[in-house]
Amino acid sequence: MLIVLLFFLLIITPVSLRIDWDRKLTISLRVWGIHRAIPAASSGSGGGSSAHRQLAKLFRIILRTERSRRFLHRHVKIIRLQALLCLGLSDAARTAVLTGFLQQLTYLLPDKADVRVQPDFLAPTRLKLRCILFFHLGTIFITAAIALAAHLPRTCRRPRPRPKEA
């Protein structure tokens, strides 16, 4: 009974995930009021640690699975989204037209999203992003289970023996 209670408590645990990206990716996690910084995967040779590679593979599986993507979309709430896109292309006219188009698209976003697009005629394109997501820990468990359940039958298939031709 105690194990079931602890498992239930773990599933309903609220999690706040903060992602900051300005030339360097910073991810911090808050569970039960405890803040924890998660080191970003290194971009050097080797492609990061083994745990980062496994998480990236699981994330790719989740994104390819429609049911897990819909479940994740329904249960993850965006608390805050701030983005600044400084758009700099080689042609000033194209920069201006694309900036105007993207600025009009930002009006379609919800009020929680503060997305700004600015032209920068002298520097290349750069992006600053800050996002705070809220979800329960059980959401991640269930999403991973849905994705793996859809993915495993494909990976565990045995090749069928071909009939012998006479």
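The rules behind these values
One numbering rule holds for all chains: residues counted from 1, following each sequence as written. Reporting of local features is limited, given that this is a predicted model, to residues whose pLDDT is at least 70; pairs of side-chain atoms are given and counted only at 80 or more, and all residues count toward the totals for whole chains, interfaces and linings. For the side-chain quantities, the full set of heavy atoms in the structure was used; hydrogens and water were omitted. As used in this record, nonpolar core signifies buried Ala, Val, Leu, Ile, Met, Phe, Trp, Tyr and Cys residues forming a set joined through side-chain atoms within 4.5 Å. Under the scheme applied here, a residue whose accessible area is under 20% of the maximum for its type counts as buried, over 50% as exposed, and between as partly exposed, the area being computed with a 1.4 Å probe on protein chains only. For helices the rule is a DSSP run of H or I covering at least 4 residues; for strands it is a run of E covering at least 2, with both sets numbered from the N terminus onward. We call two residues contacting when some pair of their heavy atoms lies within 4.5 Å. Space inside and on the surface of the protein is sampled on a 1 Å grid over the protein atoms alone, with a cavity defined as a set of points where a 1.4 Å probe fits but cannot get out and a pocket as an open set with protein on both sides within 12 Å along at least 5 of 7 lines; lining residues have an atom within 4 Å of a point. Grid points are joined across faces, edges and corners, and a volume is the space filled by probe spheres set on the points. Three residue categories are used. Nonpolar comprises Ala, Val, Leu, Ile, Met, Phe, Trp, Tyr, Cys and Pro, charged comprises Asp, Glu, Lys and Arg, and polar comprises the others, including Gly. DSSP calls a pair of strands paired once it identifies at least 2 bridges connecting them. With axes taken as lines fitted to C-alpha atoms, and helix axes fitted only over the stretch in contact, angles between N-to-C directions fall between 0 and 180 degrees. Distance thresholds for patches are 9 Å for like charges and 5 Å for nonpolar side chains (Val, Leu, Ile, Met, Phe, Trp, Tyr), applied to residues having over 30% relative accessible area and no salt bridge. Computed with a 1.4 Å probe, the accessible areas rest on the Shrake-Rupley method; for each residue, only the protein chains presented here act as cover. Salt bridges are defined by distance alone: a side-chain nitrogen of Lys or Arg within 4 Å of a carboxyl oxygen of Asp or Glu.

J.: How do you make sense of the nonpolar core when you look at a structure like this?
T.: Grouped together as the largest cluster of nonpolar side chains are six residues: Val-15, Leu-17, Ile-27, Cys-131, Leu-133 and Phe-135. Secondary structure elements with two or more residues in this core: strand E1 (14-21) and strand E6 (126-136). A total of three residues in this core trace back to one element, the largest contributor, which is E6. Other than its neighbours up to four places away in sequence, Leu-133 contacts Val-15, Ser-16, Leu-17, Val-76, Lys-77, Ile-78 and Ile-79.

J.: Any chance you could explain the layout of surface pockets here in plain terms?
T.: In this approach a probe as big as a water molecule rolls over the atoms, and the regions it shows empty are the leftover space. By volume, the second largest pocket is sized at about 170 Å³. Taken together, Asp-20, Trp-21, Asp-22, Lys-24, Gln-82, Ala-83, Leu-84, Asp-114, Arg-116, Lys-128, Leu-129 and Arg-130 make up the full set of residues lining the second largest pocket. Across the lining of the second largest pocket, the residue classes tally to four nonpolar, one polar and seven charged.

J.: How should the sheet that holds strand E2 (residues 25-31) be read in this particular structure?
T.: Where strands meet in a sheet, backbone hydrogen bonds hold them as pairs that are either parallel or antiparallel. On the basis of which strands lie adjacent, the open sheet formed by six strands has the order E3-E2-E1-E6-E4-E5 and mixed pairing. Of all the strands in the sheet, the pair left with one neighbour each is strand E3 (34-38) and strand E5 (113-119). Strand-to-strand twist across the sheet, computed as the mean angle between neighbouring axes with direction ignored, equals 10°. When E1 meets E6, the two strands line up antiparallel, connected through eight bridges. Among the inter-strand pairings, Arg-18 is bridged to a residue of E6, identified as Ile-132.

J.: I'm lost on a nonpolar patch on the surface in this one. Help?
T.: Judged by side-chain polarity, Leu-2, Leu-5, Leu-6, Phe-7, Phe-8, Leu-9, Leu-10, Ile-12, Trp-32, Ile-34, Phe-141 and Ile-142 come together as a nonpolar surface patch covering roughly 1200 Å² of accessible area. The set of elements that each furnish at least two residues to the nonpolar patch consists of helix H1 (2-11) and helix H5 (137-155). It is H1 that provides the largest number of residues to the nonpolar patch, a total of seven residues.

J.: Would you explain the pairing of E2 in this entry?
T.: In regular strands, side chains alternate between the two faces of the sheet. Relative to E2, E1 runs antiparallel, the two being bridged by seven bridges. Each bridged residue has a counterpart across the sheet, and for Leu-17 the counterpart in E2 is Leu-29. Hairpin remark: E1 followed by E2, antiparallel, with three residues in the connecting loop; positive phi at Arg-23, about 70°.

J.: In this structure, what is going on with the environment of Leu-127? I would like to understand it.
T.: Positionally, Leu-127 belongs in strand E6. For Leu-127, a relative accessible area of 33% translates into the label partly exposed. Put simply, Leu-127 and Arg-23 are 104 residues apart on the chain and 8.2 Å apart in space, counted from C-alpha to C-alpha.

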